[in-house]
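These are the residues of each chain, in order.
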Amino acid sequence: MNEVYETLPIVPLRDVVVFPHMMMPFVIGRPSSIRALEHALGKDKRVFLAAQHDASTDDPKAEDIYTMGAVANVVQSLKLPDGNIKVLVEGVDRARVIEWKDDKGFYRVVVKVIHKMKDQAGDVEQTMSRVVTLFEQYVKLSNNLHYDAMIAAVRVDDAGKLADTIAAHLLVGVDEKQNLLEIVSPLERLNRIASTLEGEVDKLQVDRRIQSRVKKQMEKAQKEYYLNEKMKAIQKELGRKDEKGNEIDDLRKKIDQARMPKDTSEKAIQELKRLEAMPPMSAEATVSRNYLDWLIAVPWQKKTKENRDLKNAEVVLNEDHYGLDKIKERILEFLAVRALVKKPKATILTFVGPPGVGKTSLAKSIARAMNRKFVRLSLGGVRDEAEIRGHRRTYIGAFPGQIIQMMKKAGSLNPVFLLDEVDKMSMDFRGDPSAALLEVLDPEQNNAFLDHYLDVEYDLSHVMFLCTANVLHTIPQALRDRMEVLQLAGYTEQEKVEIAKRFLVPKAVEGNGLTEKNITFADDSLQTIIQRYTREAGVRNLEREVNSICRKVARKVVADGTQVFEAITPDKVTEFLGVPRYRPTVAEEQNEVGIVTGLAWTEVGGEILITEATLMPGRGRLMLTGKLGDVMQESAQAAMSFVRSRAEEFGVPKDFNRKIDVHVHIPEGAIPKDGPSAGITLATALVSALTRVPARRDVAMTGEITLRGKVLPIGGVKEKVLAAHRAGLKTILLPKDNEKDLADIPKNVLDALEVHMVSTMDQVLKIALERPLTPLPPSADSGEIGESTEATTH
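Cut-offs used in this document
- Within any chain, residue numbers begin from 1 and follow the written order of that chain's sequence.
- For a predicted model such as this one, the threshold for reporting local features is a pLDDT of at least 70, and the threshold for listing and counting side-chain atom pairs is 80 or more; totals across whole chains, interfaces and linings nevertheless cover every residue.
- Remark: hydrogens and water are excluded; side-chain values derive from all non-hydrogen atoms of the structure.
- Helix and strand definitions follow DSSP, with helices as H or I runs of at least four residues and strands as E runs of at least two, each counted in order from the N terminus.
- Every radius of gyration here is taken over C-alpha atoms, with the globule rule written as 2.2 Å times N^0.38, N being the number of residues.
- Three exposure classes are used, based on accessible area relative to the maximum for each residue type with a 1.4 Å probe and protein chains only: buried under 20%, partly exposed in between, and exposed over 50%.
- We call two residues in contact whenever any of their non-hydrogen atoms come within 4.5 Å of each other.
- Under the convention used here, a 1.4 Å probe and the Shrake-Rupley method define accessible areas, while residue burial counts only the protein chains that appear.
- As used throughout, the charge tally considers Lys and Arg to be positive and Asp and Glu to be negative, leaving His and the chain termini uncounted.
- For the purpose of locating charges, the reference atoms are NZ of Lys, CZ of Arg, CG of Asp and CD of Glu.
- Lines fitted to C-alpha atoms define the axes here, with helix axes fitted over just the stretch in contact, and angles between the N-to-C directions of these axes take values from 0 to 180 degrees.
- Less than a right angle of anticlockwise turn of the near helix away from the far helix marks a crossing as left-handed, whereas a clockwise turn marks it as right-handed.
- Put simply, Ala, Val, Leu, Ile, Met, Phe, Trp, Tyr, Cys and Pro go in the nonpolar bin, Asp, Glu, Lys and Arg in the charged bin, and everything else, Gly too, in the polar bin.
- Angles are sorted into four bins: roughly parallel if under 35 degrees, roughly antiparallel if over 145, roughly perpendicular if 65 to 115, and oblique for all others.
- Think of a salt bridge as a Lys or Arg side-chain nitrogen and an Asp or Glu carboxyl oxygen that are within 4 Å of each other.
- Patch building starts from residues that exceed 30% relative accessible area and form no salt bridge, then joins like charges within 9 Å and nonpolar side chains (Val, Leu, Ile, Met, Phe, Trp, Tyr) within 5 Å.
- Aromatic contacts are taken between Phe, Tyr and Trp rings whose centres are within 6.5 Å, Trp giving its six-membered ring; a plane angle under 30 degrees counts as stacked, one over 60 as edge-to-face, and the others as tilted.
- In our convention, an over-ring charge means Lys NZ or Arg CZ found within 6 Å of a ring centre and within 35 degrees of that ring's normal.
- Paired strands, as defined in this entry, are two strands with at least two bridges between them according to DSSP.
- Each polar contact in these results corresponds to two N or O atoms within 3.5 Å; when the atoms are within protein, one needs to be able to donate a hydrogen and the other to accept it, and residues that are neighboring in sequence are counted only if both atoms are side-chain atoms.
- Multiply 1.5 Å by the residue count of a helix minus one, and that product is the helix's expected span.

Colleague: Help me out: how do you make sense of the overall build of the protein in this one?
Modeller: Along the protein, the regular secondary structure elements total 26 helices and 24 strands. For the protein, whose C-alpha radius of gyration is 47 Å, the value lies well above the compact-globule estimate of 28 Å for 794 residues. Projected onto its principal axes, the C-alpha coordinates of the protein cover approximately 135 × 105 × 65 Å. When each of the 794 residues of the protein is scored for burial, the buried share is 45%. Sequence-distant contacts, at least 24 apart, represent 73% of the contacts inside the protein between residues at least 6 apart. Of the accessible surface of the protein, which amounts to about 41800 Å², a share of 50% is contributed by carbon and sulfur atoms. Counting 114 positive and 116 negative side-chain charges, the protein places the centres of these two groups 4 Å from one another.

Shown next as structure tokens:
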């Protein structure tokens, strides 16, 4: 037979051996292989396919590729979007590489085609029959091969084709497949395949036996479970009780003792029957048991006896808090109505005020005065509706909401329930907790509150709900509508001194292990701490500073003996607490041009704001600095427009803005400032700067300005007046419409101040400036403004 040689492009393969008579799809991605394939497609579509020794080699050389491979026809090729080519090839003949040729980025090889050999018929047929039988067994045991397709594929008469077909479908390594490819004799190849199949069949049979054994063990476990259940049933018939029976009986007794409403009791009994039928160690049994425990633990009928003695309530409130007369009066009115009406309509009292003014402690005092249990739920940062209403029992680790949890903690149906920091709630994709609170705080609905976990109606109408908040604007309108708001403003300096003397100092002295023989505080020392070391509406920082002094004295007592005594004076305060943190916000030392004192409200009380205005050569630009918000900047522009519209009346040339720039600055520029209440302050500073008339240093003012010079009402009057009093100012200008708010200000503060109620800027300037303004004489040319404007336009 003549030897046949062919020169073909070579495509190295990773982890794949292609046999003759075999259809094989694969993806070509290496640039050299793509060029080789394109070369073949341009000619007769014949390529030489050979496996690599090491599949991890990306750029194989001649020594990295087996010399024995297969000549194949490219049946189909498809270029993919990523540049790779998907091909379908059909193996034709075995061939061995004789010579390598490097050709423009790919290899071409000269191969010697190996023709099919024929063996003796008798031996071949017998071996073929044996191999087919073994392959059928192999396919039956293997889960990865389709039985019918494989049996159809091996129904061939040609020994070489049979051997190559079976070799292609064997689940063995590349090395073993390469060895089979390199055996040219069909009979020898069939014998090698037969020995390989015998080994593989043995392995698969062992695997089957192991699987069968595992299955039997599982069936045994199920059988044992069934027999255990049957034994329990027999014991029940014999009248014997097991541990589970005792647990069921205990739960049944507790359900009877809980005195639940009829619907709830029926649901509990139904759940108990379900639990009885469940395997004791199953996950579902644990869920049912927890549910029943919660139903039993929540108070359904138990109440504490309420104390309705008003005198006792007044004594308790005065014991716990100094001042807050209006708040105490409203609480006593609330308690008086409860004493007269058996089932009063529930009112949700909400204490609103800055931190540290006693909102939470007031709620505790109310509970103590009424002899009720007290529970507190902090809503700060809560953003999941399930925190209020709970999770449904279908969830793993489900729990009731915080409302039901706190009722369980109270152990009573009528506690005082404080919802703390109700303004700090937020919402996200899990729901809006404030919407869930609408049902809790609505007296018309909360007698049938539905928690998702309990899934039964629960009566909250006997609960006295109280809320606390620092600000109201973050509380949704629908929720605010259900509340009666009681505002707690900041304490005056005198009130803070009294609170420190009556509550904070004794508590700090006792808490630090001291006695009155070791330390005393003078009133002026407490005033020094309040003015120079704290800046707050409440008394929390004051308490910290008093504790800090007590700790330093306690250290001296331990070091030098119990005879140590310290009388705390203002000088001692500085010695113990160090350099003062705050300079007192006091009035200016002298009257100055363009310097006006305004009043501001903050969450920690009132502050005075020194407003400065200055002029410089320019073209009428108004500059605003001091980290002012949009509303405050608009107030400054409105004030400027008002001043320009009345310039001649104030003794200022009407075209002053053409030659000068005005700069308004409010010091402490790092602190954001906003709101309309600085309107009259800004206008007064502008008029003072433009007229060169100094503003009075002892006058403070607050009010919104309009373009016509009207003064509109503002908020936070009490805090602002207290700030002015604290700073030593004597005269205060307030909008006429805020006269009603003076009732909230302590009498001793009002007596020390001269308060003027103003409605126009003329009244403001008359009081705030050092001397009256002199208007300019009327302009000779009445059309000057119009002509000037027209000229500018042109």
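Colleague: Looking at this structure, how should I read the packing of helix α11 (residues 325–340) against helix α12 (residues 359–370)?
Modeller: Each packed pair of helices is defined by two parameters, the angle between the axes and the distance between the axes. For the pair α11 and α12, interaxial distance at closest approach is 12 Å and the crossing angle is 35 degrees. Handedness of the crossing formed by α11 with α12: right-handed. Contacts between α11 and α12 pair I327, I331, L335 and R338 from the former with L362, I366 and M370 from the latter. Its residues assigned to classes, the contact of α11 with α12 comprises six nonpolar, no polar and one charged.

Colleague: Looking at this structure, how should I read helix α23 (residues 717–726)?
Modeller: Taken across its ten residues, α23 has eight buried, putting it largely inside the fold. When α23 is considered as a whole, its buried residues turn out to be V717, K718, E719, K720, V721, L722, A723 and A724.

Colleague: What should I look at first to understand the packing of helix α8 (residues 262–277) against helix α9 (residues 283–297) in this one?
Modeller: Between α8 and α9, the shortest axis-to-axis distance is 10 Å and the interhelical angle comes to 155 degrees. Judged on the interaxial angle alone, α9 and α8 are roughly antiparallel. By crossing handedness, the relation of α8 to α9 is classed as left-handed. Across the interface between the two elements, T264, K267, A268, E271, L272, R274 and L275 of α8 pack against E284, A285, S288, R289, Y291, L292 and L295 of α9. When the residues that make up the contact of α8 with α9 are grouped by side-chain class, the tally is seven nonpolar, two polar and five charged.

Colleague: Explanation requested: the pattern of salt bridges in the structure shown.
Modeller: As a working rule, side chains carrying opposite charge can pair if their charged atoms are close by. Inspection of the entire model under this criterion finds 35 salt bridges. For R192, the salt bridge goes to E176, with nearest N and O atoms at 3.4 Å. Of the two residues, R192 is situated in helix α6 (residues 186–238) and E176 in helix α5 (residues 174–182); the sequence distance between them amounts to 16 residues. Among the ionic pairs, R646 bridges to D762, the shortest N-O distance being 2.7 Å. Of the two residues, R646 sits in the loop between α21 (630–645) and β19 (660–665) while D762 sits in helix α25 (residues 761–768), which places them 116 residues apart along the sequence.

Colleague: Where do I start with the environment of A678 in this structure?
Modeller: Within the secondary structure layout, A678 lies in the loop between β19 and α22 (679–691). On the accessibility criterion, A678 (11% relative accessible area) is buried. For the pair formed by A678 and L88, sequence separation is 590 residues and the distance between their alpha carbons is 83 Å. For A678, the contacting residues outside a window of four places in its chain are M632 and G703.

Colleague: Sorry, what's going on with a nonpolar patch on the surface here?
Modeller: A cluster of nonpolar residues, V206, I210, V214 and M218, forms a patch on the protein surface that exposes about 340 Å² of accessible area. Turning to its location among the elements, V214 is positioned in helix α6. Given the relative accessible area of 43%, V214 is considered partly exposed.

Colleague: Please clarify how unusual backbone geometry should be interpreted in this entry.
Modeller: Note: most residues except glycine have negative phi, and most peptide bonds are trans. Of note in this structure, D455 is not a glycine but carries a positive phi near 60 degrees. With respect to the helices and strands, D455 occurs in the loop between β10 (449–450) and β11 (457–458). With a relative accessible area of 37%, D455 lands in the partly exposed category. A positive phi angle is found at K627, which is not glycine, with a value near 55 degrees. One can find K627 in the loop between β18 (622–625) and α21. Of the residues examined, K627 reaches a relative accessible area of 49% and is grouped as partly exposed.

Colleague: Please explain the packing of aromatic side chains as it appears in this structure.
Modeller: The geometry of an aromatic ring pair is captured by two quantities: the separation of the ring centres and the angle between the planes. Applying the stated rule across the entire model yields six aromatic pairs. Between W300 and Y458, the aromatic rings sit 5.1 Å apart at their centres with planes inclined by 65 degrees, giving edge-to-face as the arrangement. Taken together, the residues W300 in the loop between α9 and α10 (310–320) and Y458 in strand β11 connect sequence positions 158 residues apart. When sorted by exposure, W300 lands in the same class as Y458, which is buried. Positioned above the aromatic ring of Y291 is the side chain of R393, whose terminal nitrogen or guanidinium carbon lies 3.8 Å from the ring centre. Positioned above the aromatic ring of W294, the side-chain terminus of K408 is 4.3 Å from the ring centre.

Colleague: Explain the side chain of R646 here, please?
Modeller: R646 sits in the buried class, given a relative accessible area of 17%. Ignoring anything within four residues of it in the chain, the contact list for R646 reads R708 and D762.

Colleague: What's the story with the sheet that holds strand β7 (residues 348–352) in this structure? I'm lost.
Modeller: Strand pairing in a sheet is mediated by backbone hydrogen bonds. Such pairs are either parallel or antiparallel. As summarised here, the arrangement of the five strands in space is β8-β9-β12-β7-β13, forming an open sheet in which the pairing is parallel. Because the sheet does not close on itself, it has two edges, and the strands there are β8 (374–378) and β13 (483–487). Here the strands of the sheet are splayed against their neighbours by 25 degrees on average, with no regard to which way each runs. Pairing of β7 with strand β12 (residues 464–469), which is carried by four bridges, proceeds in the parallel orientation. Residue pairing across strands places T350 opposite C467, the latter belonging to β12.

Colleague: I tried to follow the side chain of S677 on my own but got confused; where do I start?
Modeller: Tracing the backbone through its elements, the reader meets S677 in the loop between β19 and α22. One polar contact links S677 to K720, side chain to side chain, over a distance of 3.2 Å. Filtering out sequence-adjacent residues up to four positions away, S677 remains in contact with L599, T702, G703, E704, I714 and K720.

Colleague: Please clarify how the pairing of strand β2 (residues 23–28) should be interpreted in this entry.
Modeller: On any regular strand, side chains alternate: one points to one face of the sheet, the next to the other face. Of the two faces of β2, the one lined by M24, F26 and I28 is fully buried and the one lined by M23, P25 and V27 carries no buried residue. Sheet analysis places β2 next to strand β5 (residues 85–103), joined by six bridges and oriented antiparallel. Bridge pairing in β5 places M23 opposite E90.

Colleague: What's the story with α22 in this structure? I'm lost.
Modeller: Owing to its 3.6 residues per turn, the α-helix brings residues three or four apart onto one side. In this model α22 runs 18 Å from its N-terminal to its C-terminal C-alpha over 13 residues, within 8% of the 18 Å that 1.5 Å per residue would give. The buried fraction of α22 is high, at 13 of 13 residues. Following α22 by one or two positions, R692 adopts a phi angle in the positive range, close to 65 degrees.

Colleague: Explain the environment of R368 here, please?
Modeller: Among the secondary structure elements, R368 is positioned in helix α12. C-alpha of R368 to C-alpha of S525: the two residues are 157 residues apart in sequence and 33 Å apart in space. Beyond its immediate stretch of four places on either side in the chain, R368 contacts V316, E319 and D320.

Colleague: Just checking my understanding: could you explain the environment of V463 for this structure?
Modeller: Counting through the fold element by element, V463 comes out in the loop between β11 and β12. A residue is classified by how much of its surface remains accessible, and V463, at 5% relative accessible area, is buried. When the C-alpha positions of V463 and L413 are compared, they lie 6.7 Å apart, and in sequence the two are 50 residues distant. Sequence-distant contacts of V463, defined by excluding residues within four places in its chain, comprise R372, M407, L413, P415 and F417.

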